[in-house]
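Structural overview
This is what each chain is made of:
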Amino acid sequence: MNNPEKFDTLKDFVDRCSSNIDIIVVSETWVKSGDSQMFTLNGFDGIFSCRETSHGGLAVYARSDLNVDTEEIEEDDGFHYIRLRLRLGNGPLSLHAVYRPPAFRFANFVEKLESKLSRNSKHPNSILLGDTNVPVNLSSNIVGEYLRILESRNLFVVNNEVTRPASGNILDHVVCSQSIIASTMNETICTDISDHNMIVTTLSSSANKDVQFLSKSIVIHHQLNAEFAEALQNIPSTTCANEKIKLIADKYNEIRNPSPKQSWKFLNEALGRKSKSHDNITLKIGNEVQVDPAQVSNSINDYFCNIGPQLAANIASNRDIQQYNSLRSQPSPSLFLRPATVSEVLLEISNLDSNKSPGADNITVDTLKTHHLALSDILTDIFNEIVGTGVYPDALKLARVTPIFKSGDNSDVSNYRPISTLSVLNKILEKLLVTRISEYLSRYDLISPRQYGFRKGCSTLTATTELLEDVYDDLDNRNYAGALFLDLRKAFDTIDHALLLQKLDWYGIRGHSSSKKIITTGVPQGSNLGPLMFLVFINDLPQLNLHGKVRLFADDTIISYSHSNPLQIVEWIGNDLQVLQQYFDCNLLSLNLSKTSYMLFNSGRRSIPQLPLIRIGNTIIERVRQFKYLGLLLDDTLCWSPYIEQLKRTLAPVCGAIWKISAFIPTHWLKNVYFALFHSRL
């Protein structure tokens, strides 16, 4: 800009504009300190970050009648930054002007950018203008890091036309807060002033705002609670367990006036996380495309109910659970289910998470806690009747099932997983059962130490830490480490009830059986008892005669190997897969060979010879370089870069969401958001 001819061209452009220009940002001005008074624009106030070297510089011109405060100016080794506060009719706007020369280290630039944006937390509406020399139209680690830094502050690049034609890159950026993107329009104009194009940004100050009308109704809760309490008192003690459950649910739904907690609903609205409409789901069933919500939900329900028997029908099994001598040589002693006490039930009610969703009977945890005295007596009697008769109330077997999309084609019903929400009354009874069964299994040491899921003191962290310790030890000893990742089709949904009862009997849980129901396979995901039943069902898998070391976490199974010769590891994996295939067939479980894979860990400094293919039938088992195990993205050299990058991509939008709501959400709510959305992933 210190070339007078170029500056005259800029002034001429401003004079000829048909509409008023409010702000002009010029990067790489080449204006030296002390010379800025020579470069004035009529009707504008100039703010300069001048160069001290042979290049660089930054200038911002603000129209003189605007209400503008200059908050910060900085120059550091060619990096230039100016921050203004514009006081507009529809609220304050922070304007950040930036110039980063190519020679200024990107790591230093990121550190500075984060620091500058962090000082803006109380004013969420921001716009950043300037030349960062980061080509956002290309894919690279630098571009990804830059965009994540912006996204973590709820900022996004909104210009998408090339700004430097010579390189075909977008180096000059208009970056806006998400809240003002909809009212922003950019035009890219060729100009003789520079080898960069000019960007003209229009920010509408009168953008339409969403108006939400709230309504309220007055509910006299103490009257409803009194009516429900009276109904509980009038339930005859001689009524059978099933009828008691039905009477409680019917009376509750007769008088209830739901008043769900609004905190998370409000937070989700503030975060922009609107619940997806189920009216637009398209499902492909054979050659038929279904769009009607009722038809879609019935098709999903039919699929969940029938997938287990359909998969089992394709498996040849002799149903001999002791075929591989994986169970103990002698059956275990019988479990005694001791009766429940009222104080025990009261404790379970008090420990119940108030955020748990109601089941099909609509009874909430808050209702259970409000009427804990009356319901504890009733539930104690119901549990003791179950123990005495061996019959579980039909009214508690009904689940509200939510299909959770996993991955792949969302029109394919097989890509959904059923999560069952059972009655909160049932949760209390299940917890009483789980406590007794778990104590029994622990007392007789019946659960394999290779089981990490649904066990006290074990977690995904335990499983992954022990695996990685073994791998690191192998690499330190100059061995290769192998890992076989097994994938079971619909594991929870295909547990055969008859085989489960046989295994339960072998482990000592015997003596009662309920009458047969329509569902003959599967244990519900979302219940307390279902995961424990699954754990018991596959508890004998680690006892198989395998070359590798088994680790189980629910239906995630990994088998690890160690040897100085990778060819030996591959041979062992192939042999073990043959045994595992037979075991799963016997137990009517479906091993998904197309999603089963293996990995060879190595230091990265040792070469791996050509490996033979592992074939099971007609399927080739894929060797992978990366695999997501229990939420941890493993790579075969354990460099962790892929996992760190994945974590950054996941957490950046969460930072942006928290940034967005931080100005108007109470601190204790912000902490809830942080722990739920950020800390849990970290």
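This text goes with the structure placed above it.
Structure report, in brief. As the structure is a prediction and not an experimental result, all values here were calculated from the model.

1. Overview of helix α8 (residues 293-313)
With 21 residues, α8 extends 30 Å between its outermost C-alpha atoms, agreeing within 8% with the 30 Å of an ideal straight helix rising 1.5 Å per residue. Buried residues of α8: V296, S299, I300, Y303, F304, I307, G308, L311 and A312, and no others. Turning to α8, the residues buried within the fold contact β12 (283-285), β13 (288-290), β14 (400-405), β15 (416-421), β17 (488-489) and β20 (590-591).

2. Overview of the packing of helix α17 (residues 641-661) against helix α18 (residues 667-679)
Running from N to C, α17 and α18 cross one another at 170°; their axes reach a closest spacing of 11 Å. Between α17 and α18, the interaxial angle falls into the category roughly antiparallel. Between α17 and α18, the contacting residues are L651, V654, C655, I658 and I661 on the first element and L670, V673, Y674, L677 and F678 on the second.

3. Thoughts on the sheet that holds strand β16 (residues 480-486)
Across the sheet, which stays open at both edges, the 6 strands sit in the order β18-β19-β16-β21-β23-β22 with mixed pairing between neighbours. One side of each edge strand has no neighbouring strand; the edge strands of this open sheet are β18 (549-553) and β22 (614-616). For this sheet, the mean inter-axis angle between neighbouring strands, taken without regard to orientation, is 25°. Strand direction decides the pairing type here: β18 and strand β19 (residues 556-563), joined by 5 bridges, are antiparallel.

4. Examining the sheet that holds strand β5 (residues 79-88)
Strand order in the open sheet formed by 6 strands is β4-β5-β6-β7-β9-β8, with mixed pairing between adjacent strands. Since the sheet does not close on itself, it has two edges, and those belong to β4 (68-76) and β8 (155-157), each with one partner. Across this sheet, the average inter-strand angle for adjacent strands is 15°, counted without regard to direction. Here 6 bridges tie strand β6 (residues 91-99) to strand β7 (residues 126-131), and the two strands are oriented parallel to one another. Bridge pairing in β7 places Y99 opposite D131. The strands that helix α3 (residues 141-152) touches are β8 and β9 (172-177); relative to β8, the one it contacts most, it runs at about 140°.

5. Structural notes on unusual backbone geometry
The backbone of N362 shows a phi angle near 70°, a positive value even though the residue is not glycine. Its place among the elements puts N362 in the loop between α9 (342-351) and α10 (365-370). The backbone of L588 shows a phi angle near 55°, a positive value even though the residue is not glycine. Residue position: L588 is located in the loop between α16 (566-586) and β20.

6. Describing the environment of L422
With respect to the element layout, L422 can be found in the loop between β15 and α12 (424-443). L422 sits 106 residues away from N528 along the chain, and the two C-alpha atoms are 9.6 Å apart.

7. Observations concerning the packing of aromatic side chains
Under the criterion given, the structure shown has 18 aromatic pairs. Between Y303 and F304 the ring centres are 6.0 Å apart and the planes differ by 55°, which places this aromatic pair in the tilted class. On the basis of relative accessible area, Y303 is assigned to the buried category, the value being 16%. Geometrically, the ring pair formed by F492 and F534 is stacked, given 4.4 Å between the ring centres and 10° between the ring planes. Placement of F492 in the loop between β17 and α14 (497-506) and of F534 in helix α15 (residues 529-537) is noted, with a sequence separation of 42 residues between them. As far as burial versus exposure is concerned, F492 and F534 are alike and both buried.

8. Let's talk about the pattern of salt bridges
Taken as a whole and assessed by the stated rule, the structure comprises 28 salt bridges. The residue E74 makes a salt bridge to K112 at a minimum N-O spacing of 2.5 Å. In this pair, E74 is assigned in strand β4 and K112 in helix α2 (residues 106-118), connecting sequence segments 38 residues apart.

9. A word on the packing of helix α6 (residues 241-255) against helix α11 (residues 372-389)
As a packed pair, α6 and α11 sit with axes 9 Å apart at the nearest point and diverge in direction by 150°. What the angle tells us is that α6 and α11 run roughly antiparallel. Crossing hand, α6 versus α11: left-handed. On α11, the residues that touch A241, K244, I245 and I248 of α6 are L375, I378, D381, I382 and E385. Taken together, the residues that form the contact of α6 with α11 break down as 6 nonpolar, no polar and 3 charged.

10. So, a negative patch on the surface
On the surface, E466, E469, D473 and D476 cluster together into a negatively charged patch. Locating E466 in the fold gives a position in helix α13 (residues 460-476). Residue E466 is classed as partly exposed on the basis of its relative accessible area of 31%.

11. Some thoughts on the state of the cysteines
Counted under the stated rule, the structure contains 0 disulfides. The thiol of C655 is unpaired, and the distance to the nearest cysteine sulfur, on C176, comes to 20 Å. Given the relative accessible area of 23%, C655 is considered partly exposed.

12. A look at the pairing of β4
The sheet contact formed by β4 and β5 spans 8 bridges and is antiparallel. If you follow D76 over to β5, its bridge partner there is F79. A loop of 2 residues connects β4 with β5, the two strands running antiparallel in sequence, and D77 in this loop sits at a positive phi of about 55°.

13. Quick notes on the pairing of β6
By the criterion of burial, β6 is predominantly enclosed, with 7 of the 9 residues buried. Pairing of β5 with β6, which is carried by 9 bridges, proceeds in the antiparallel orientation. When the bridges of β6 are listed, L86 appears paired with L93.

14. Quick notes on the environment of D76
With respect to the element layout, D76 can be found in strand β4. Along the primary structure D76 and L567 are separated by 491 residues, whereas in three dimensions their C-alpha atoms are 56 Å apart. Those residues within four positions of D76 in sequence are excluded, and the remaining contacts are F104 and K112.

Calculation notes
Residues numbered from 1 in each chain as written. Predicted model: local features only at pLDDT ≥ 70, side-chain atom pairs only at ≥ 80, totals over all residues. Heavy atoms only, no water. Helix = DSSP H or I, 4+ residues; strand = E, 2+ residues; numbered from the N terminus. Expected span 1.5 Å × (residues − 1). Buried < 20%, exposed > 50% of the residue type's maximum accessible area, 1.4 Å probe, protein only. Contact = heavy atoms within 4.5 Å. Axes fitted to C-alpha atoms, helices over the stretch in contact; angles between N-to-C directions. Parallel < 35°, antiparallel > 145°, perpendicular 65-115°, else oblique. Pairing = 2+ DSSP bridges. Phe/Tyr/Trp six-rings, centres within 6.5 Å; stacked < 30°, edge-to-face > 60°. Salt bridge = Lys/Arg side-chain N within 4 Å of Asp/Glu carboxyl O. Left-handed = near helix turned anticlockwise from the far one by under 90°. Nonpolar A, V, L, I, M, F, W, Y, C, P; charged D, E, K, R; others polar. Patch = residues over 30% accessible without salt bridge, like charges linked within 9 Å, V, L, I, M, F, W, Y side chains within 5 Å. Areas by Shrake-Rupley, 256 points an atom, 1.4 Å probe, with all protein chains shown as cover. Lys, Arg positive; Asp, Glu negative; His and termini not counted. Charge placed at Lys NZ, Arg CZ, Asp CG, Glu CD. Disulfide = S-S within 2.5 Å.

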